[in-house]
Amino acid sequence: MPLFRSSPPPPPAEPPSRNRSIFSRRSQSPEHAPSAANDSTRSGGGFFSRRRSSSSSERGNMNLRHDPSIMSARQKVSEAEAAERSADQALIQARAAVRGAKEQAMMLEREALEDSRRAKAKQAEALTVSRSTRGLGRHG
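On a predicted model such as this, the values are computed, not experimentally measured, just so you know.

Peer 1: Tell me about the overall build of the protein, and name the residues and values.
Peer 2: When its secondary structure is counted, the protein shows three helices and zero strands. Along the protein, helices and strands appear, N-terminal first, in the series α-α-α.

Peer 1: So what's going on with the pattern of salt bridges? Which residues, and what values?
Peer 2: Under the definition given, this model contains two salt bridges. Where Arg-118 meets Glu-114, a salt bridge forms, and the shortest distance between an N and an O atom there is 3.4 Å. Highlighted residues: Arg-118 and Glu-114, both in helix α3 (residues 68–132), separated by four residues, approximately one helical turn. Residue classification places Arg-118 among the partly exposed residues on the basis of a relative accessible area of 48%. A salt bridge links Arg-118 to Asp-115; the shortest N-O distance between them is 2.1 Å. Linking Arg-118 with Asp-115, this pair stays in helix α3, spanning three residues, or about one helical turn.

Peer 1: Any details on the environment of Met-71? Residues and values, ideally.
Peer 2: Note that Met-71 resides in helix α3. Among the residues examined, Met-71 registers a relative accessible area of 45% and is labelled partly exposed. Sequence-distant contacts of Met-71, that is, excluding residues within four places in its chain, are made with Arg-65 and His-66.

Peer 1: With reference to specific residues and values, describe the confidence of the model for the protein.
Peer 2: Across the protein, the average pLDDT comes to 77, with 55% of residues at 70 or higher. The secondary structure element of the protein with the lowest average pLDDT is helix α1 (residues 36–41), at 50, and the one with the highest is α3, at 96.

Definitions and limits used
- Residues numbered from 1 in each chain as written.
- Predicted model: local features only at pLDDT ≥ 70, side-chain atom pairs only at ≥ 80, totals over all residues.
- Heavy atoms only, no water.
- Helix = DSSP H or I, 4+ residues; strand = E, 2+ residues; numbered from the N terminus.
- Salt bridge = Lys/Arg side-chain N within 4 Å of Asp/Glu carboxyl O.
- Buried < 20%, exposed > 50% of the residue type's maximum accessible area, 1.4 Å probe, protein only.
- Contact = heavy atoms within 4.5 Å.
- pLDDT = per-residue confidence, 0-100.

Here it is as structure tokens:
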């Protein structure tokens, strides 16, 4: 009894007749041919095209740069960008302060360990001196 069942792959229903991508245009096949109603509302040129005309309504849009609400929004965006730069600088300074504090603590630990070693050595030397004094004073 096999553990895995193998079956032949199903044959493709219909081979693809055209290459589709997001940048390719649709072919004018009968199922995709635009109707007369769609011709009047369809804009040509694709996704990245712009209509360039010099009508008076579009020339009026050029004055939107000076619109108070647009100027206020741009000002808020620039203030937010400045706040982010300031926050980034504060974060860099905080990280540097933390790094300095950690280095200081490590140095203090090393000094304390060295002081402890010196104290132990001094204690051992004092014990040796103390033992050498035991024989003193027998003649007195």
